[in-house]
Amino acid sequence: MRLLIVQFAGDYRETVQRFDAGKEETYYAQKYSVDAVAEIGKRIEEAAVLCCLTTEPYHEILSNGVCAIGAGFQDNVDIKRLLQLIEDYKPTHLIVRTAFRQIFRWAIDNQIPTLAMFAESVGTGGGLLNKWRSYCLARYLNHKQVKWVGNYGLDASKALQKIGVKPGKIIPWNFIGTESPASFEAKNLQNDGKTWQLFYVGSMIEGKGVGDILNAMAQLRAKNVSVRLKLAGPDKTGVFHQQAKELKIEECVEFLGLIPNKTVVPLMREADIVLVPSRHEYPEGFPLAITHALCARTPVIASDHPMFINHLKSGVNAMIFPAGDSTALSACIEQLLSDPELYLRLSEASYKTWKQMQMPVKWADMIGCWLDTSPEKEQWLVKHSLSSGIYNSYQPAV
């Protein structure tokens, strides 16, 4: 068996080399997923990871035995070239971690057993073109050559069903849990004239609402609300550094760059509010930033992104504002920082919310059961599909 895993973002070779050098994870469950692929590779002829976005093209065997292939694409993916790389590897089995319809069509045409493993809200955008793309994707995913379709979390999985993927093929998954809110007590708002600390972690792009945070900060500072902001994530273009200067708030904004994953929860615990302002056009699955914030028991202010609102209810376990509206975000921050009772209530609700979000299927377990093909493993997968009924008890927060 020659298994090829195709992923859009992330450089598997760079990550393995970083771990070999004794460096830390840069995002949650990174080592878990890297090691899982290596373990799978030990049980078959070879496991390979094809990464779309890499600094250069490469094809080599890594220290953990996994074959790493870098496509060398910078921003835009050359689909024709990508399909050629897949064909050149001659896989017997394929795991596709990005919603490229052309890859699934290639797998179907070549009769390659395929597993889809997404971590995004596929097909949630509007417009006729997007609806047509979603229709085509669902048609490929429903083909018998694609045995199962996994997605990160329950809401993102239901989004697949909404575009027409059969619920009996869809399995919600999660990463293995290494942290929980049980480590911390609920937080009280200490209204003692201090400077409030706001925190954001994630991709530094407009779609994630980073610019909206900076605009909200400027509004708060204009009203003499004493706040500081820490932003974790690489601002590769420098656009947000420049925006902070233009807004004259650079003295109260700290750009941390890329940080080790193990520091995320402690930084959130130190903060007074965690911000998750993703705009609707960004294809969220369910951001790990929210999971980390729940574990830190620090109240969250999030946008009304479709992937958030089933789990987060304003005034119950978070504060919600209309995505892209920096004035509304500013008002939410000000309201939360002036209401100790509300603040404590949100912090206390974090444990229950976190528990409701935990899925019984873990990423590596789903892959292992698919590769096994035994009747027992097949039945386990069937038992955990959307149509099984086991998720009826996973009620959203109210």
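1. Brief notes about the sheet that holds strand 4 (residues 67-73)
Right, so step 1: As summarised here, the arrangement of the eight strands in space is 3-4-2-1-5-6-7-8, forming an open sheet in which the pairing is mixed. Each of the sheet's edge strands pairs with one partner strand only, and the pair in question is strand 3 (58-61) and strand 8 (170-173). The mean inter-strand angle of the sheet, taken between neighbouring strand axes irrespective of direction, is 20°.
Right, so step 2: Strand direction decides the pairing type here: strand 6 (residues 114-117) and strand 7 (residues 146-152), joined by four bridges, are parallel. Among the inter-strand pairings, Thr114 is bridged to a residue of strand 7, identified as Val146.
Right, so step 3: Each of strand 1 (2-7), strand 2 (46-53), strand 3 and strand 4 is contacted by helix 1 (residues 12-20), which is oriented at about 45° to strand 3, the strand it contacts most.

2. Description of the pattern of salt bridges
Right, so step 1: For the structure on display, the rule yields 15 salt bridges.
Right, so step 2: Residues Glu14 and Arg18 are paired through a salt bridge, measuring 3.1 Å at the closest nitrogen-oxygen approach. Linking Glu14 with Arg18, this pair stays in helix 1, spanning four residues, or about one helical turn.
Right, so step 3: The class for Glu14 is partly exposed, based on a relative accessible area of 37%.

3. Quick notes on the packing of aromatic side chains
Right, so step 1: Per the counting criterion, the structure on display carries eight aromatic pairs.
Right, so step 2: For the ring pair Tyr152 and Trp173, a centre distance of 5.2 Å and an interplane angle of 45° mean the geometry is tilted. Here the residue Tyr152 occupies a position in strand 7, and Trp173 occupies one in strand 8, the gap between them amounting to 21 residues.
Right, so step 3: Accessibility expressed as a relative area gives 8% for Tyr152, which makes it buried.
Right, so step 4: For Trp173, a relative accessible area of 0% translates into the label buried.
Right, so step 5: Seen in terms of ring centroids, Trp173 and Phe175 are 5.0 Å apart; in terms of plane orientation they differ by 75°. Their pairing is edge-to-face. Assigned by exposure class, Trp173 and Phe175 land together as buried.
Right, so step 6: Chaining the aromatic ring pairs together yields one cluster made of Tyr32, Tyr152, Trp173 and Phe175.
Right, so step 7: In this arrangement the basic side chain of Lys31 is found over the ring face of Phe19, its NZ or CZ atom lying 6.0 Å from the centre.
Right, so step 8: Across from the ring centre of Tyr140, 5.3 Å away, lies the NZ or CZ of Arg139, which sits over that ring.

4. Here we look at the packing of helix 7 (residues 210-222) against helix 11 (residues 326-336)
Right, so step 1: Viewed as axis vectors pointing N to C, helix 7 and helix 11 meet at an angle of 60°, and their least axial separation amounts to 8 Å. Between helix 7 and helix 11, the crossing angle belongs to the class labelled oblique. Two packed elements cross with a definite hand, and for helix 7 against helix 11 that hand is right-handed. Note on element contacts: helix 11 touches helix 7 through Ser326, Thr327, Leu329, Ser330, Ile333 and Glu334, opposite Asp212, Ile213, Asn215, Ala216, Gln219 and Leu220.
Right, so step 2: Tallied by class, residues from the contact of helix 7 with helix 11 come to five nonpolar, five polar and two charged.

5. Thoughts on the side chain of Arg297
Right, so step 1: With respect to the helices, strands and loops of the structure, Arg297 is situated in the loop between helix 10 (288-296) and strand 13 (300-303).
Right, so step 2: For the buried Arg297, which has no salt bridge, the nearest side chain bearing the opposite charge is Glu185, at an N-O separation of 5.6 Å.
Right, so step 3: Engagement of the side chain of Arg297 in a polar contact is seen with the backbone oxygen of Phe184, the distance being 3.1 Å.
Right, so step 4: Each residue touching Arg297, except ones within four places of it in the same chain, is listed here: Pro181, Phe184, Glu185, Ala186, Lys187, Arg269, Ser347, Glu348, Ser350 and Tyr351.

6. Looking at the pairing of strand 3
Right, so step 1: Of the strand pairs in this sheet, strand 3 and strand 4 are connected by four bridges, and their pairing is antiparallel. Bridge assignment links Tyr58 to a residue of strand 4, and that residue is Gly70.
Right, so step 2: As consecutive antiparallel partners, strand 3 and strand 4 are separated by five residues, and within that stretch Gly65 has a phi angle of approximately 90°, a positive value.

7. Focus: the sheet that holds strand 11 (residues 253-257)
Right, so step 1: Pairing is parallel in the open sheet, where six strands are placed in the order 11-10-9-12-13-14. Two strands in the sheet have a free side with no partner beyond their single neighbour: strand 11 and strand 14 (319-321). Adjacent strand axes in the sheet meet at a mean angle of 20°, parallel and antiparallel pairs treated alike.
Right, so step 2: The strands touched by helix 7 within the sheet are strand 9 (196-201), strand 10 (227-232), strand 11 and strand 12 (273-276), with strand 10 carrying the most contacts at an inclination of about 165°.

8. Quick notes on helix 2 (residues 30-43)
Right, so step 1: Between its first and last C-alpha, helix 2 extends 21 Å over 14 residues, near the 20 Å set by a 1.5 Å rise per residue.
Right, so step 2: Where helix 2 is concerned, the buried positions are Gln30, Tyr32, Ser33, Val34, Ala36, Val37, Ala38, Ile40 and Gly41.
Right, so step 3: Buried residues belonging to helix 2 abut strand 1, helix 1, strand 2 and helix 14 (363-372).

Thresholds applied
- Residues numbered from 1 in each chain as written.
- Predicted model: local features only at pLDDT ≥ 70, side-chain atom pairs only at ≥ 80, totals over all residues.
- Heavy atoms only, no water.
- Pairing = 2+ DSSP bridges.
- Helix = DSSP H or I, 4+ residues; strand = E, 2+ residues; numbered from the N terminus.
- Axes fitted to C-alpha atoms, helices over the stretch in contact; angles between N-to-C directions.
- Contact = heavy atoms within 4.5 Å.
- Salt bridge = Lys/Arg side-chain N within 4 Å of Asp/Glu carboxyl O.
- Buried < 20%, exposed > 50% of the residue type's maximum accessible area, 1.4 Å probe, protein only.
- Phe/Tyr/Trp six-rings, centres within 6.5 Å; stacked < 30°, edge-to-face > 60°.
- Lys NZ or Arg CZ within 6 Å of the ring centre and 35° of its normal.
- Parallel < 35°, antiparallel > 145°, perpendicular 65-115°, else oblique.
- Left-handed = near helix turned anticlockwise from the far one by under 90°.
- Nonpolar A, V, L, I, M, F, W, Y, C, P; charged D, E, K, R; others polar.
- Lys, Arg positive; Asp, Glu negative; His and termini not counted.
- Polar contact = N/O pair within 3.5 Å; in protein donor to acceptor, adjacent residues only side chain to side chain.
- Expected span 1.5 Å × (residues − 1).

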